[in-house]
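Examining the three-dimensional arrangement
Residues per chain, in single letters:
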Amino acid sequence: MNRKRIAILGSTGSIGTQALQVIEEHSDLYEAYLLTANNSVEQLIAQARKFVPATVVIANENHYRKVQDALSDLPIKVYAGEDALCQVVQDDNVDIVLASMVGFAGLRPTISAIKAKKVIALANKETLVVAGELINNLAAEYQVPILPVDSEHSAIFQCLEPCNRIEKILLTCSGGPFRMFTPEQLKMVTKNDALAHPTWNMGAKITIDSATLMNKGFEVIEAKWLFGVTPERIQVVVHPQSVIHSMVQFEDGAVKAQLGVPDMRLPIQYAFSFPKRLKSSFDRVDFFKMNALTFEQPDTQKFRCLALAYEALGQGGNMPCIVNAANEIANRAFIDDRISFTQISDIIEQTMLHVKFTKDCSLETYLETDSIARRYAAGLIK
């Protein structure tokens with residue numbers, strides 16, 4: 001049996017490193033064929049020396065020589081630049097592309113992989129947030145499956161097999177570290193406070209998005225495109241224990257839930273092996289150690305980002321692209337101690353109000369919108 005060759009876009013991030021653990025555990029089934037990173041040079045070199053992929057891409061061209069020299073004794077092709085990312089995913093030998101780059105940067109390589117008819121294991125939610133209609137149209141045109149890797153969307157995907165008569169999607173949310181804070185306390189939150197997620201170990205950008213609930217807002221938008229449901233049929237449920245990863249309510253009132261420990265390796269592995277399930281060494285849920293599973297409504301007055309995401313989804317067009325661009329700028333500014341936690345949603349809302357709205361869903365429109373929205377959002381930061 002030939003091993004499936006996996007291209008990991010963003011191999012040094014949280015999803016990428018866990019994907020390599022899955023590949024290592026099932027080395028008889030999978031091969032790390034392509035690894036990429038943006039700036040994490042040393043980690044990329046270490047991964048390449050361990051897994052010896054056919055190809056490595058460092059997106060930041062300033063690091064090309066260092067990576068090439070470090071791998072010169074191995075039979076690995078080394079490329080650099082954003083265009084290289086779009087080209088290498090079209091390699092005839094690639095079977096599955098794990099799109100785990102963070103942010104808007106993942107859009108073009110994912111489109112390139114779809115056009116090359118690669119199976120897409122999608123962990124980069126911004127791709128569907130920014131360009132959901134375009135991505136769905138391309139996936140249909142090229143007959144490419146898009147398999148969700150986000151734990152929540154993987155849970156929904158698993159619950160839908162084989163039934164698909166959905167009444168409502170129940171998208172669970174840990175609530176982040178500040179769900180019990182008052183509005184006054186939120187104004188005093190520091191980046192170190194926000195980076196201490198209660199249940200998940202993620203990169204800085206996504207962890208901040210989880211604290212503002214923008215990550216959950218993006219997942220709402222992603223769910224619309226993945227499962228073809230209207231916004232009013234996607235309900236966010238705060239579930240602090242993060243054991244139920246999401247639920248589906250069907251037309252007869254029955255609810256199916258997917259449970260598991262907070263470990264991204266499980267949805268990654270399922271995306272790789274679908275429709276089969278493989279054995280794993282991951283931890284199991286121990287029901288006798290759980291005191292309770294609790295559920296709450298999200299507070300969209302305190303956490304405005306979730307409300308803004310729903311608003312953007314309702315408007316459609318390029319509005320989710322505007323939200324994503326503004327959020328990336330505000331998120332980075334908060335990490336750099338340039339704005340307060342509560343200013344993140346303020347900047348996003350102001351950008352939504354001032355950047356031109358259009359229903360056009362072409363790639364050119366998304367690229368232009370992203371650039372304009374970033375400039376406007378940056379101009380709001382003193």
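Below: a short report on this structure. (Residues numbered from 1 in each chain as written. Predicted model: local features only at pLDDT ≥ 70, side-chain atom pairs only at ≥ 80, totals over all residues. Heavy atoms only, no water.)

Observations regarding the overall build of the protein
- Helix and strand content of the protein: 16 helices and 11 strands.
- Rg of the C-alpha trace for the protein: 20 Å, near the compact-globule value of 21 Å for 382 residues, within the 12% margin.
- Along the first, second and third principal axes, the C-alpha set of the protein runs to 55 × 50 × 40 Å.
- Among the 382 residues that make up the protein, the fraction classed as buried is 53%. (Helix = DSSP H or I, 4+ residues; strand = E, 2+ residues; numbered from the N terminus. Rg over C-alpha atoms; globule rule 2.2 N^0.38 Å. Buried < 20%, exposed > 50% of the residue type's maximum accessible area, 1.4 Å probe, protein only.)

Some thoughts on helix α7 (residues 151-160)
- Most of α7 sits out of view: 10 of its 10 residues are buried.
- When α7 is considered as a whole, its buried residues turn out to be S151, E152, H153, S154, A155, I156, F157, Q158, C159 and L160.
- On its buried side, α7 packs onto β7 (146-148), β8 (166-173), α11 (214-227), β10 (244-250), β11 (255-259) and α12 (265-273). (Contact = heavy atoms within 4.5 Å.)

Describing the sheet that holds β10
- Taken in spatial order, the four strands of this open sheet run β9-β8-β10-β11, and their pairing is mixed. Edge positions in the sheet fall to β9 (234-238) and β11, since each has one partner strand and no second. Averaged over all neighbouring strand pairs, the angle between strand axes comes to 20°, with direction disregarded.
- Across five bridges, β10 lies against β11 in antiparallel orientation. The residue bridging S246 from the neighbouring strand is Q258, located in β11.
- The strands that α7 touches are β8, β10 and β11; relative to β10, the one it contacts most, it runs at about 40°.
- The sheet strands contacting α11 are β8 and β9, and the helix crosses β8 at an angle near 150°. (Pairing = 2+ DSSP bridges. Axes fitted to C-alpha atoms, helices over the stretch in contact; angles between N-to-C directions.)

Digging into the sheet that holds strand β2 (residues 30-37)
- Strand order across the open sheet formed by seven strands is β4-β3-β2-β1-β5-β6-β7, with parallel pairing between neighbours. Edge positions in the sheet fall to β4 (77-80) and β7, since each has one partner strand and no second. Adjacent strand axes in the sheet meet at a mean angle of 20° when their direction is disregarded.
- The pairing of strand β1 (residues 4-9) with strand β5 (residues 96-99) spans four bridges and is parallel. Residue pairing in the sheet places A7 in a bridge with V97 of β5.

Considerations on the environment of I111
- Mapped onto the elements, I111 comes out in helix α5 (residues 107-115).
- Taking C-alpha positions, I111 is 8.9 Å from A139, a pair spaced 28 residues apart along the chain.
- Apart from the residues within four sequence positions on either side, I111 is in contact with L134, I135, L138 and L363.

Some thoughts on the packing of aromatic side chains
- Inspection of the entire model under this criterion finds seven aromatic pairs.
- With a centroid separation of 4.9 Å and an interplanar angle of 50°, the aromatic rings of F157 and F274 are classed as tilted. Of this pair, F157 sits in helix α7 while F274 sits in the loop between α12 and α13 (304-315), and the two are 117 residues apart along the sequence.
- On the basis of relative accessibility, which here comes to 13%, the residue F157 falls in the buried class.
- Considering the side-chain rings of F178 and F181, the 5.0 Å spacing of their centres and the 55° angle between planes classify their relative orientation as tilted. (Phe/Tyr/Trp six-rings, centres within 6.5 Å; stacked < 30°, edge-to-face > 60°.)

Concerning the pairing of β9
- Across the five residues of β9, four count as buried, placing the element largely inside the fold.
- Looking at chain direction, β8 and β9 are connected through five bridges and run parallel. Bridging across to β9, L171 finds its partner in V236.

Quick look at the environment of A377
- Take A377: it is sitting in helix α16 (residues 363-379).
- Along the chain, A377 and Q350 lie 27 residues apart, while their C-alpha atoms are 7.9 Å from each other.
- Leaving out residues up to four positions away in the same chain, A377 has contacts with A326, I329, I347 and T351.

Thoughts on the nonpolar core
- Residues L98, V149, F272, I344 and I348 are the most contacted members of the largest nonpolar core, which totals 87 residues.
- In terms of residues, this core owes the most to one element, helix α14 (residues 319-335), which gives nine residues.
- If we ignore the near neighbours within four places in the chain, the residues touching L98 are A7, I8, L9, I15, A19, A121, A123, V149 and F272.
- Residues V97, L122, V144 and C361 belong to the second largest nonpolar core, which totals 33 residues. (Core = buried A, V, L, I, M, F, W, Y, C linked by side-chain atoms within 4.5 Å.)

Here we look at the side chain of K205
- With respect to the element layout, K205 can be found in helix α10 (residues 204-212).
- When its relative accessible area of 16% is taken as the criterion, K205 is described as buried.
- A polar contact of 2.7 Å, which involves the side chain of K205, links it to the side chain of D209.
- Excluding its chain neighbours within four sequence positions, the residues that come into contact with K205 are V102, E126, F218, N327, E328, N331 and I335. (Polar contact = N/O pair within 3.5 Å; in protein donor to acceptor, adjacent residues only side chain to side chain.)

Considerations on the pairing of β8
- Summarising burial for β8: six of the eight residues are buried, a large majority.
- Relative to β10, β8 is paired through four bridges, and the arrangement is antiparallel. The residue bridging I169 from the neighbouring strand is V248, located in β10.

Brief notes about the pattern of salt bridges
- Enumeration over the complete set of coordinates arrives at 19 salt bridges.
- In this structure, E31 and R3 form a salt bridge, with 3.6 Å as the shortest nitrogen-oxygen distance. Taken as a pair, E31 in strand β2 and R3 in the segment before β1 lie far apart in primary sequence, 28 residues in all.
- The partner of E126 in a salt bridge is K205, with the nearest N and O atoms 2.9 Å apart. In this pair, E126 sits in helix α6 (residues 126-141) while K205 sits in helix α10, placing the two residues 79 residues apart along the sequence.
- Taken together, the shared-partner salt bridges in this structure form one network comprising R3, R5 and E31. (Salt bridge = Lys/Arg side-chain N within 4 Å of Asp/Glu carboxyl O.)

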